[in-house]
Amino acid sequence: MEPQAVAEAVRDGMFRDDAASQGLGMQIEAVGPGYARVAMTIRPDMLNGFRICHGGFITTLADSAFAFGCNSYNEMTVASGIVVDFLAPAHTGDRLIAECHEVSRSGRTGVYDIKVTNQHGKTVVVMRGRSHTIKGKPVVNL
């Protein structure tokens, strides 16, 4: 299969069983080898005591984009670490877009940069993720 077709098959298989991403209303807008773009609209039940989006929800959005990006080769890959920097708040009704780009993939490890922006293009979060691939375990049967 072509790499793009593999990434799309993995997206479909992963998302079908991803109750967390579905429950938060995430939508996968695009995938490709080492790449994913995932969107989510902030709901009132995602706000913290300061009436801004709880950072955990934004991190979850970034982590979902990371998951779809690093698993796009159809080898089961998990996060081995993340670093998150919060740059701006998000509010009810904001549409956040997390875009994951592969920086490096070698052997069983990878590095990915994820940037979360709002509907105005303002950067809300940047995250760097490190991944670990479990060799011999496909994500979906092709």
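Coordinates for the structure precede this section.
To start, this report covers the structure provided alongside it.

Quick notes on the rules
- Residues numbered from 1 in each chain as written.
- Predicted model: local features only at pLDDT ≥ 70, side-chain atom pairs only at ≥ 80, totals over all residues.
- Heavy atoms only, no water.
- Helix = DSSP H or I, 4+ residues; strand = E, 2+ residues; numbered from the N terminus.
- Expected span 1.5 Å × (residues − 1).
- Contact = heavy atoms within 4.5 Å.
- Buried < 20%, exposed > 50% of the residue type's maximum accessible area, 1.4 Å probe, protein only.
- Polar contact = N/O pair within 3.5 Å; in protein donor to acceptor, adjacent residues only side chain to side chain.
- Phe/Tyr/Trp six-rings, centres within 6.5 Å; stacked < 30°, edge-to-face > 60°.
- Lys NZ or Arg CZ within 6 Å of the ring centre and 35° of its normal.
- Pairing = 2+ DSSP bridges.

### A closer look at helix 1 (residues 3–16)
The first and last C-alpha atoms of helix 1 sit 20 Å apart over 14 residues, in line with the 20 Å expected at 1.5 Å per residue. Each element contacted by the buried residues of helix 1 is listed here: strand 1 (27–32) and helix 3 (55–70).

### Concerning the side chain of Asn74
Secondary-structure assignment places Asn74 in the loop between helix 3 and strand 3 (77–86). Residue class for Asn74 comes out buried when judged on its relative accessible area of 10%. A polar atom in the side chain of Asn74 sits 2.9 Å from the backbone nitrogen of Val139. Ignoring anything within four residues of it in the chain, the contact list for Asn74 reads Val6, Val10, Lys137, Pro138, Val139, Val140 and Leu142.

### Quick word on the packing of aromatic side chains
Considering all chains together, one arrives at two aromatic pairs under this definition. Look at Phe66 and Tyr112: their rings are 5.6 Å apart centre to centre, the planes differ by 50 degrees, and that puts the pair in the tilted class. Placement of the pair is Phe66 in helix 3 and Tyr112 in strand 5 (residues 109–117), with a sequence separation of 46 residues. Both residues of the pair, Phe66 and Tyr112, count as buried. In this arrangement the basic side chain of Arg105 is found over the ring face of Tyr73, its NZ or CZ atom lying 3.6 Å from the centre.

### Details of the pairing of strand 1
In the sheet, strand 1 pairs with strand 2 (residues 35–41) via five bridges, with the strands oriented antiparallel. By the bridge assignment for strand 2, Val31 is matched with Ala36. Taking the residues that link successive antiparallel strands as the turn, the strand 1-strand 2 hairpin has two residues, and the phi of Gly34 there is positive, at about 70 degrees.

In short, geometric facts, not functional conclusions.
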